[in-house]
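The chain contents come next:
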Amino acid sequence: AAAVNLLGRACARAAVDDPELLWDWAEALLDTGDTTTAGEVVTRLAAAGHHARAEVLAGQLAILTEAEPPETVVGRLTAGAQALAEDGDDVGATVAHRLAAQALGLLGRLGAAEAELDQALVAARLAGTVAGSPRPWLRLLAWHCGAPRR
């Protein structure tokens, strides 16, 4: 909750919408379950020209609110992951793959979810956010999306 408040204040004080701040604020809002405010922040992120990241966060919002069928959300998230990877946004691609794995887990498509988790790991390594053995990272990702543990 403290992160949500601090990021919200930082965004309110910024002269223009900072995409990194908006991304972080939206993620924090979604993590706390504030889907209404998160939806507004996602709209601001899209208006700031970061459509691929906004699509990914809209996908997470759809998962949380069950506003769309999971199959549709998976398509949105995998397309977003690809667009972000092509743009060199490996952090965004990591999040998109993780969320796609979560949606696939909801569909019971655990093999496909594991493949998305592998892609999340690759993207995270490219972003420099993961070092060392992949097993702990994969376990964390698997836990996050509800996939079976090994």
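Anything mentioned here points back to the structure above.
Computed from a predicted model, the values in this text were never measured in an experiment. The residue numbering used here restarts from 1 in each chain and proceeds along that chain's sequence as written. With pLDDT at 70 or above as the cut-off, local features in this predicted model cover only qualifying residues; side-chain atom pairs require 80 or more to be listed or tallied, and sums for whole chains, interfaces and linings still use all residues. Only heavy atoms go into the side-chain values, all of them from the structure, while hydrogens and water stay out.

Moving on: the overall build of the protein chain. Looking only at helices and strands, the protein chain features eight helices and zero strands. Secondary structure follows DSSP: runs of H or I at least 4 residues long count as helices, runs of E at least 2 residues long count as strands, and numbering of each begins at the N terminus. Listing the helices and strands of the protein chain from first to last along the sequence gives α-α-α-α-α-α-α-α. Exposure classes here rest on a 1.4 Å probe applied to the protein chains alone. A residue is buried below 20% of its type maximum, exposed above 50%, and partly exposed in between. A buried classification covers 41% of the 150 residues belonging to the protein chain. In what follows, a contact means two residues having at least one pair of non-hydrogen atoms within 4.5 Å. Taking the intrachain contacts of the protein chain between residues at least 6 apart in sequence as the baseline, contacts between residues at least 24 apart amount to 47%. Each accessible area value is a Shrake-Rupley result obtained with a 1.4 Å probe; residue values ignore everything except the protein chains displayed when judging cover. As displayed, the protein chain offers around 7,700 Å² of accessible surface, 55% of which is attributable to carbon and sulfur atoms.

The subject of this paragraph is the packing of aromatic side chains. Each aromatic pair joins two rings of Phe, Tyr and Trp (for Trp, the six-membered one) with centres within 6.5 Å, and gets the label stacked for planes under 30 degrees apart, edge-to-face for over 60, and tilted for any other angle. Applying the stated criterion across every chain yields a total of zero aromatic pairs. We call a charge positioned above a ring when the Lys NZ or Arg CZ atom is no farther than 6 Å from the ring centre and deviates by at most 35 degrees from the ring normal. Over the aromatic face of W23 sits the side chain of R53, whose NZ or CZ is 4.2 Å from the ring centroid.

A few words on the pattern of salt bridges. In the sections that follow, a salt bridge refers to a side-chain nitrogen of Lys or Arg positioned within 4 Å of a carboxyl oxygen of Asp or Glu. Applying the stated criterion across every chain, the model contains four salt bridges. The closest approach of N and O atoms between R53 and D89, which form a salt bridge, is 2.6 Å. Of the two residues, R53 sits in helix 4 (residues 51-65) while D89 sits in the loop between helix 5 (70-86) and helix 6 (90-106), which places them 36 residues apart along the sequence. Comparing R53 with D89, the two get one shared label, buried. Linking R76 and E68 is a salt bridge whose minimum nitrogen-to-oxygen distance equals 2.8 Å. Assessed through its relative accessible area of 22%, R76 is described here as partly exposed. Judged by relative accessible area, which is 22%, E68 ranks as partly exposed. In this structure, a network of salt bridges that share partners links the residues E20, R53 and D89.

Turning next to helix 2 (residues 19-32). In this analysis, the expected span of each helix is defined as 1.5 Å times one less than the number of residues it contains. For helix 2, with 14 residues, the first-to-last C-alpha span of 20 Å sits near the 20 Å given by 1.5 Å per residue. If you check which residues of helix 2 are buried, you get L22, W23, W25, A26, E27, A28, L29 and L30. On the buried face of helix 2, the contacting elements are helix 1 (2-13), helix 3 (35-47), helix 4 and helix 6. Its side-chain oxygen placed 2.8 Å from the backbone nitrogen of E20, D18 serves as the N-cap of helix 2. Just beyond helix 2, the residue with positive phi is G33, at close to 90 degrees. Between N or O atoms, a polar contact is any pair within 3.5 Å; within protein, one atom must be a potential hydrogen donor and the other a potential acceptor, and residues adjacent in sequence are included only when both atoms are from side chains.

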